[in-house]
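Here is what each chain is made of, one letter per residue.
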Amino acid sequence: MPRISAIPFEQVTPELRKIMRTYDKSLGASEFVQTFAHTPDVACAFFNYYLPLMAATRGRIDMRLTELARLKVAEKSSAKP
């Protein structure tokens, strides 16, 4: 069971729904945005920063390296898959 619940899509703010559509087009999935929807203002600020950064650096950093970094952070923080 997840520690943080996802907000139902119908309750997600219109701005976050727009961000979800962007992620659907670029990554094929956006459900994780619903977890951030508990604090819409913070989520929007983060995604408005992160989406352009991701677009600018995509392809420069190998996806395998990115995933290895995520796994190491999870390991160091004792996160469970």
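Refer to the structure above for everything that follows.
Residues numbered from 1 in each chain as written. Predicted model: local features only at pLDDT ≥ 70, side-chain atom pairs only at ≥ 80, totals over all residues. Heavy atoms only, no water.

**Some details on the overall build of the chain**
Along the backbone of the chain there are four helices and zero strands. Going residue by residue from the N terminus, the α and β elements of the chain occur as α-α-α-α. If you line up the chain on its principal axes, its C-alpha atoms span 35 × 30 × 20 Å. Per-residue burial for the chain yields a buried fraction of 19% across its 81 residues. For the chain, the share of sequence-separated contacts (at least 6 apart) that also reach a separation of at least 24 residues comes to 60%. Seen as two clouds, the 12 positive and the 8 negative side-chain charges of the chain have centres 5 Å apart. (Helix = DSSP H or I, 4+ residues; strand = E, 2+ residues; numbered from the N terminus. Buried < 20%, exposed > 50% of the residue type's maximum accessible area, 1.4 Å probe, protein only. Contact = heavy atoms within 4.5 Å. Lys, Arg positive; Asp, Glu negative; His and termini not counted. Charge placed at Lys NZ, Arg CZ, Asp CG, Glu CD.)

**Describing the environment of Phe32**
Note that Phe32 resides in the loop between α1 (14-27) and α2 (33-36). Judged by relative accessible area, which is 35%, Phe32 ranks as partly exposed. Sequence separation between Phe32 and Ala69 is 37 residues, and the spatial gap between their C-alpha atoms is 19 Å. In contact with Phe32, not counting residues within four places along its chain, are Tyr23 and Phe47.

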